[in-house]
Amino acid sequence: MRYAKKKKTTTPTTMPKFFPKLDPEYAKNYSPKPFPFDIPADKIPPVQKHQYNGANFTYMIWPATATTNTNTNTNTNTNTNTNTSPPKNNLIDNENSATNGIGHSDCENNTTRIIFVHGFGEYTKIYYRLMYDLSLHGIESCFFDQRGAGETSPYKLKGLTDSKHQFDDLDHFIEFFTTQPETKPTKTYLFGHNMGGGIVLNYGFLSEMKNLHKIDGIICTGPLIKLHPRTRPGFVLTQAMKLLANCAPTFQVDGDLDIDGITDDLKVQQWMLNDFPWTTPCVGSVRLLYDMLYDGERLVEESGRGSKFVTSTSCATFPAKLLILHGLKDTINDYKASQQFMEQILPSVDPQNRISKKLVLLPQGIHSLALCTGNGVYDDLINHVLEFV
């Protein structure tokens with residue numbers, strides 16, 4: 001999310017900051033591009049629906065297709081050479097072509113499940129490449145479009161959620177995914193990016209969540225703990241958001257796609273900029289925007305005795321393993337906040353080092369490591385995840 005104007009040279013149409021154009025008729029302003037990653041259509045599981053607490057959620061279970069794979073080089077279906085783009089995908093362009101009947105793991109010895117919690121303005125399809133590559137290494141991926149995002153909440157429903165619903169929805173889906181009779185994994189990890197990273201980190205300290213005990217570890221990429229200084233709103237705007245969040249919580253704002261900060265690949269950029277209404281416009285309610293900023297910053301909020309939210313008591317039920325990966329060139333979320341959380345806040349409330357924690361700072365990484373194609377960043381992400389789980 002960025003609070004500066006888009007570059008006119010990279011946007012298909014001018015979207016207003018307020019009153020974003022979300023009606024289906026505005027699709028005419030976009031030029032849809034092919035999905036930028038080459039994934040065999042018969043390997044993509046079907047998108048499914050599940051109703052919970054007033055929302056009709058879209059979800060996907062991507063089965064593991066291999067039990068072991070010692071080769072962690074993912075160049076067979078991604079291009080990680082500098083200044084190059086991934087190959088065109090002429091096999092799939094929408095979820096309708098992916099309903100091949102594969103929905104659950106058929107891998108007899110699979111022992112690992114990852115539940116994804118996507119970032120602000122994201123949805124399932126953005127993670128197809130990552131879930132596919134993980135499946136080749138014997139990992140089952142479970143994904144749901146959050147309330148206010150993707151096919152769960154299209155068009156005028158975009159961004160209509162808040163942190164209370166986010167934590168409750170996540171807790172529900174942990175129970176839902178871990179009780180599917182067709183799946184066999186014995187270890188379950190959460191994977192959160194950007195806003196999703198803030199959600200899973202906060203969730204780890206909420207001891208009242210009934211399914212927290214089912215989580216063996218947490219993985220984050222570019223978590224929203226604090227926005228980068230160049231994207232961080234000032235005091236006046238923050239206070240205005242707080243006021244609106246209480247007075248007009250469902251008022252929608254175009255958070256804007258800082259597309260150059262998200263991915264280094266031009267084809268991915270063009271696909272995202274024209275992926276209406278899913279990726280663009282990047283809309284959130286003022287309640288959502290305020291909550292995700294507040295919830296992130298409270299992870300590193302200091303008081304006289306340490307952190308107000310992160311305490312030795314709340315830390316006692318945090319999952320036993322934590323991996324955070326953050327690109328040093330991330331201009332959306334501040335990698336220094338990840339450092340502060342991992343090197344100062346957690347050690348202060350976990351002096352016995354009960355939590356096995358690892359912080360990886362990638363020199364060439366920008367915001368979305370899963371959408372990078374240059375400098376070996378994506379392969380680094382895969383390798384660190386495989387080592388962690």
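Structure first, text after, so check above.
Residues numbered from 1 in each chain as written. Predicted model: local features only at pLDDT ≥ 70, side-chain atom pairs only at ≥ 80, totals over all residues. Heavy atoms only, no water.

Draft legend 1. Here's a closer look at the pairing of strand 4 (residues 139–144). Across the six residues that make up strand 4, a large majority, six, are buried. Covered by surrounding structure in strand 4 are Ile 139, Ser 141 and Phe 143 together with Glu 140, Cys 142 and Phe 144, the residues of both alternating faces. Pairing of strand 2 (residues 55–62) with strand 4 involves four bridges; the strand directions are antiparallel. Its bridge partner being in strand 4, Tyr 59 is matched across the sheet by Phe 144. Examined bridge by bridge, strand 3 (residues 112–117) and strand 4 share five bridges and lie parallel to one another. Directly across from Arg 113, in strand 4, lies its bridge partner Glu 140. Handedness of the crossover joining strand 3 and strand 4 through helix 1 (residues 128–135) is recorded here as right-handed. (Buried < 20%, exposed > 50% of the residue type's maximum accessible area, 1.4 Å probe, protein only. Helix = DSSP H or I, 4+ residues; strand = E, 2+ residues; numbered from the N terminus. Pairing = 2+ DSSP bridges. Right-handed = clockwise from strand over helix to strand, strands pointing away.)

Draft legend 2. Spatial organisation of the pattern of salt bridges. All chains considered together, the criterion is met by 10 salt bridges. One salt bridge in this structure joins Asp 258 and Arg 230, with 3.2 Å as the shortest N-O distance. One end of the pair, Asp 258, is in the loop between strand 7 (252–254) and helix 5 (259–262); the other, Arg 230, is in the loop between strand 6 (217–221) and helix 4 (235–247), with 28 residues separating them in the sequence. Asp 258 gets classed as buried once you look at its relative accessible area, which sits at 4%. For Arg 230, a relative accessible area of 43% gives the class partly exposed. (Salt bridge = Lys/Arg side-chain N within 4 Å of Asp/Glu carboxyl O.)

Limitation: the analysis is restricted to geometry and does not speak to function.
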